[in-house]
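Residues per chain are reported as follows:
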2 protein chains.
Amino acid sequence: MASESQPLKGKAKVVDIHTHMYPPEYVKVLESRNIIPLVRKFPGAPDPRLVLLDAEVPLLESAQQGTSVLPGRPLTRHFSSLYQKIHFMDTHHIDISVVSLANPWLDFLPSDQAFPSAKSINASFSSMCAVHPGRLYFFAALPLTAPTPQLLDCISSISSLPYCRGVILGTSGLGSGLDDPAILPIFSALADADLPIFLHPHYGLPNSVFGPRSAAGEYGHVLPLALGFPMETTIAVARMFLAGVFDKVPNLRIILAHSGGTLPFLAGRIESCIMHDGHLVNGMKKGARRTVWEVLSTQVYLDAVVYGEVGLKAAVEASGGSERLMFGTDHPFFPPVGGEEGEEDGEWESVGLNVKAVVKVIGEGEEYEGVMGGNAFSVLRLEGE
Amino acid sequence: MASESQPLKGKAKVVDIHTHMYPPEYVKVLESRNIIPLVRKFPGAPDPRLVLLDAEVPLLESAQQGTSVLPGRPLTRHFSSLYQKIHFMDTHHIDISVVSLANPWLDFLPSDQAFPSAKSINASFSSMCAVHPGRLYFFAALPLTAPTPQLLDCISSISSLPYCRGVILGTSGLGSGLDDPAILPIFSALADADLPIFLHPHYGLPNSVFGPRSAAGEYGHVLPLALGFPMETTIAVARMFLAGVFDKVPNLRIILAHSGGTLPFLAGRIESCIMHDGHLVNGMKKGARRTVWEVLSTQVYLDAVVYGEVGLKAAVEASGGSERLMFGTDHPFFPPVGGEEGEEDGEWESVGLNVKAVVKVIGEGEEYEGVMGGNAFSVLRLEGE
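Residues numbered from 1 in each chain as written. Chains lettered and ligands numbered in written order. Predicted model: local features only at pLDDT ≥ 70, side-chain atom pairs only at ≥ 80, totals over all residues. Heavy atoms only, no water.

Looking at an unreviewed UniProt entry, one finds chain A named Uracil-5-carboxylate decarboxylase, with Immersiella caudata as its source organism. What UniProt states about chain A under its Sequence similarities (unreviewed entry) heading is, verbatim, "Belongs to the metallo-dependent hydrolases superfamily." (UniProt positions renumbered as here; feature names shortened; annotations may be inferred.)

Pasting the structure below:
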């Protein structure tokens, strides 16, 4: 862990619940594609480029015409190498990582490819975890474009994989969002199998909302990543809430990426808007339903990936206490960009920002140990001391 | 003020900086329109309906075919009546209101109508303030679709109106957002005239992001209002920040509606995304620029309209203290919806939620008096004790 957490060493285990990998067979799929998501080599660039976001398409197109600014981000060894994951963990004093396939998972696969791909990728994660028993667990990928029986079959089979501790899910669900009634059997099956959902953004917001200067690349990826991602998560979970998903599947548990997007900050406004909506007077008014606050403190968990004290404190308070918060790094995204050789093998500032926020907001006692690892042990049934 | 603030009575003045009115001539313009924004009467409904948002269009269209659920909200006497504004202030123990035209202001007017309309509407606000000297001030409306010389002329003339204390602005600017270089002379003119901007959302996010069930009216207006509005504000101010507007116009002061949208929560992530963006390495890296936090504590003010303690505390902390926060009600929006006769003439729960948040977060001492009124006195140069 970064310097702020030195006192923790030797006391309690540190768990990273927000850390991604693209297994080699997934990279191969991306390399074979002509539209995003894709991986492509450019002359003169040391690493192939990983291009994931709609917002990166304009740069992808201009790069094809030979301009020098490359789209996406370098696909370094950090994305696929198990050795590099363990090295990153060791460098930051992370004892256990709960790894997950990064966005956009299998969302883009044709229906007939989704199920076999999910099977192969979840087997890959299983094997990786088995190489380092006790240091790695994983959130499985789901074949969301496959027919529902295959999807249910997949849930049943991952629930018996020894290192699987939940699933990672984007916000598109079966194609119509997470408030789609058709996805309820999937939620029920996950809840019954005691598999929490790690809800993660990918689609962001339409580029138009970020304006022409963002589209022209003037702001890098800042707006889609800093605002589009957390707003997407917030909208998705608000739609689930308004559709009554949490009441319909009361044993559903969901971990929200990036400390809930913006949910902790906006929960009050959501409640007020429900309370004051003439169209909802007879339906969702207080008393006849649970509030967002109640759902936040019973069925929702948040990672502690918010890069600052203000956000983290709001996340803790919205959750009714720190025991629902779990440390994460978002590795291999947000590497150092100083350009010095070997810099990526050292400590990452993005990790340090999140550790520092935990130290400042939570202190260094038992609660700190909870957020840094203990809570993940309980929530995700990890093994060992 | 609602019951929570009884101890305040007689001690310090309460100022509401977020409170809207549609003067009668503005309502006439809305009545004459066939596309949103518009005002329309429906058979059997006691009040005409005010339809403002893209999200309300599907209900507007189905209402034209005779279905019973009406679009928009009732245009009650609260929207245009000065008597009703004063009654509302008296009921809630508000001493001073800084009123503003509500969204979408003059954004939709043809270029040749914008300047005369702004002139007439600002004159209306001036007259209303003169009827109750010391109880009313206003944020002026700007003719943003007018040619720039007329716009600058308007700024010059409102700066001499005795009760004008700033301008209210949407996020579209001159049509291309607030990061459009063409709007810089307007920002400079406002800053030089010591007229702060009250930045307020209207356009929200494209309906598509809220999904089909929201479009079908199942969630009322909750998603566009609770999420679309604050996200729009956040995106607008982030675009200003990334374009360097705050550095280019260092005396610009801006008050963000709804406690900054989601800016307090996301400021840490914005900073981290800038710091870790390969495309921005040589431009916006720390040291060569001011951070979002620095801008928040020097050029930005926030209203205290966030309907809960978690959000308000984050707003105070992101601002570096409570002295940049100012109480507001958002009247006449979010009236009680219980349906009892005369209910709208009593205390509004939406107001009480915001007062309660201030009490819980700030306490009841000097800082409380600051947020409830004292800060507005300094920031907006109000007169009287």
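All right, on to the overall build of chain A then. Looking only at helices and strands, one finds 14 helices and 11 strands in chain A. Since a compact globule built from 385 residues should have a radius of gyration of about 21 Å, the 20 Å found for chain A is in line with a globular shape. Taking the principal axes of the C-alpha coordinates as reference, chain A spans close to 65 × 45 × 45 Å. The burial tally for chain A puts 63% of its 385 residues in the buried class. When contacts within chain A are restricted to residue pairs at least 6 apart in sequence, those whose partners lie at least 24 apart make up 74%. Only carbon and sulfur atoms are counted for the fraction: they give 53% of the accessible area of chain A, which is about 13,200 Å². Averaging the locations of the 28 positively and 41 negatively charged side chains of chain A gives two centres separated by 3 Å. (Helix = DSSP H or I, 4+ residues; strand = E, 2+ residues; numbered from the N terminus. Rg over C-alpha atoms; globule rule 2.2 N^0.38 Å. Buried < 20%, exposed > 50% of the residue type's maximum accessible area, 1.4 Å probe, protein only. Contact = heavy atoms within 4.5 Å. Areas by Shrake-Rupley, 256 points an atom, 1.4 Å probe, with all protein chains shown as cover. Lys, Arg positive; Asp, Glu negative; His and termini not counted. Charge placed at Lys NZ, Arg CZ, Asp CG, Glu CD.)

Turning to the sheet that holds strand β2 (residues 38-40) of chain B, a few remarks are in order. Residues and elements named next belong to chain B. Pairing within the open sheet is antiparallel, and its three strands lie in the order β2-β3-β4. At either margin of the open sheet sits one strand with a lone partner, and together these are β2 and β4 (73-74). Examined bridge by bridge, β2 and strand β3 (residues 49-51) share three bridges and lie antiparallel to one another. What sits directly across from Val-39, in β3, is Leu-50. (Pairing = 2+ DSSP bridges.)

Before going further, it helps to spend a moment on the interface of chain B and chain A. By a widely used convention, the size of an interface equals the accessible area lost when the partners come together. Taken together, the contact pairs 69 residues of chain B with 68 residues of chain A. Both sides together, the interface formed by chain B and chain A hides about 6,100 Å², and carbon and sulfur atoms give 71% of it. At the junction of chain B and chain A, the tally comes to two salt bridges. Linking A:Glu317 and B:Lys313 is a salt bridge whose minimum nitrogen-to-oxygen distance equals 3.0 Å. For the interface between chain B and chain A, the tally reads 16 residue pairs in polar contact (both at pLDDT 80 or more). Listed by contribution, the elements that provide at least two residues to the side of chain B that touches chain A are α7 (211-215), α8 (222-242), α10 (263-275), α12 (309-318) and α13 (349-362) of chain B. Take the side of chain B that touches chain A: its biggest share by element is 13 residues, from α8(B). (Buried area = accessible area lost by both parts, 1.4 Å probe. Salt bridge = Lys/Arg side-chain N within 4 Å of Asp/Glu carboxyl O. Polar contact = N/O pair within 3.5 Å; in protein donor to acceptor, adjacent residues only side chain to side chain.)

Once turned by 180° and shifted 0.0 Å along the axis, chain B lies on chain A with an RMSD of 0.0 Å. Here the two chains are linked by the operation of a two-fold rotation axis. Here 99% of the interface residues in chain B have copies in chain A that are interface residues too; the copies meet face to matching face. (Least-squares fit on C-alpha atoms with pLDDT ≥ 70 in both.)

If you trace the backbone, A:Gly220 turns up in the loop between α7 (211-215) and α8 (222-242). Among the residues examined, A:Gly220 registers a relative accessible area of 9% and is labelled buried. Along the backbone, A:Gly220 and A:Gly72 are 148 residues apart, and their C-alpha atoms lie at a distance of 9.8 Å. When sequence neighbours within four positions are dropped, the list of residues in contact with A:Gly220 reads B:Asp277, B:His279 and B:Leu280.

Time to look at the packing of α13(B) against helix α14 (residues 366-379) of chain B. Helix packing geometry: the angle between the two helix axes and the distance between the axes. Residues and elements named next belong to chain B. Where α13 meets α14, the axes come as close as 9 Å, and the angle between the chain directions of the two elements is 150°. By the criterion of interaxial angle, the relationship of α13 to α14 is roughly antiparallel. You can see that α13 and α14 cross each other, and the crossing is right-handed. Every residue of α14 that contacts α13 at Val-355, Val-358, Val-359 and Ile-362 is listed here: Glu-367, Tyr-368, Val-371 and Met-372. Its residues assigned to classes, the contact of α13 with α14 comprises seven nonpolar, no polar and one charged. (Axes fitted to C-alpha atoms, helices over the stretch in contact; angles between N-to-C directions. Parallel < 35°, antiparallel > 145°, perpendicular 65-115°, else oblique. Left-handed = near helix turned anticlockwise from the far one by under 90°. Nonpolar A, V, L, I, M, F, W, Y, C, P; charged D, E, K, R; others polar.)

The α-helix winds at 3.6 residues per turn, so residues separated by three or four positions along the chain end up facing the same way. Residues and elements named next belong to chain A. All buried positions along helix α5 (residues 148-158) are accounted for by Leu-151, Cys-154, Ile-155 and Ile-158. Seen from one end, α5 has its buried residues packed into an arc of 100°, which puts them on one side. Buried residues along α5 sit in contact with α4 (111-131), β6 (136-141), β7 (164-169) and α6 (184-192). (Arc of directions from axis to C-beta.)

A few words now on the packing of α8(A) against α8(B). Interhelical geometry of α8(A) versus α8(B) gives an angle of 175° and a closest axis separation of 11 Å. With respect to α8(B), the axis of α8(A) lies roughly antiparallel. The residues of α8(B) that touch α8(A), namely those facing A:Val222, A:Leu223, A:Leu227, A:Met231, A:Thr234, A:Ile235, A:Ala238, A:Arg239 and A:Leu242, are B:Val222, B:Leu223, B:Leu227, B:Met231, B:Thr234, B:Ile235, B:Ala238, B:Arg239 and B:Leu242.

Bringing the sheet that holds strand β2 (residues 38-40) of chain A into the picture now. All names here are of chain A. Sheet architecture is open: three strands sit in the order β2-β3-β4, paired in antiparallel fashion. For this open sheet the edge positions go to β2 and β4 (73-74), each flanked by a neighbour on one side alone. When strand β3 (residues 49-51) meets β4, the two strands line up antiparallel, connected through two bridges. Bridging from a neighbouring strand, Leu-50 pairs with Arg-73 of β4.

Before going further, it helps to examine the packing of aromatic side chains. Summed over all chains, the structure comprises 18 aromatic pairs over all chains. Relative to A:Phe334, the ring of A:Tyr307 has its centre 6.1 Å away and its plane inclined at 70°; by these criteria the two rings are edge-to-face. Separated by 27 residues along the polypeptide, A:Tyr307 in the loop between β10 (300-303) and α12 (309-318) and A:Phe334 in the loop between β11 (325-326) and α13 (349-362) bring together distant segments of the chain. Overall, A:Phe334 belongs to the buried group, its relative accessible area being 9%. Plain terms: the ring middles of B:Tyr22 and B:Phe79 are 5.9 Å apart, the flat faces sit at 10° to each other, and that makes the pair stacked. Taken as a pair, B:Tyr22 in the loop between β1 (15-21) and α1 (24-31) and B:Phe79 in the loop between β4 and α3 (82-91) lie far apart in primary sequence, 57 residues in all. Three or more aromatic residues link up through ring pairs in this structure, and these residues are A:Tyr22, A:Tyr26, A:Phe79, A:Phe108 and A:Phe333. The cationic tip of A:Arg324 hangs over the ring face of A:Tyr301; the distance from NZ or CZ to the ring centre is 4.4 Å. (Phe/Tyr/Trp six-rings, centres within 6.5 Å; stacked < 30°, edge-to-face > 60°. Lys NZ or Arg CZ within 6 Å of the ring centre and 35° of its normal.)

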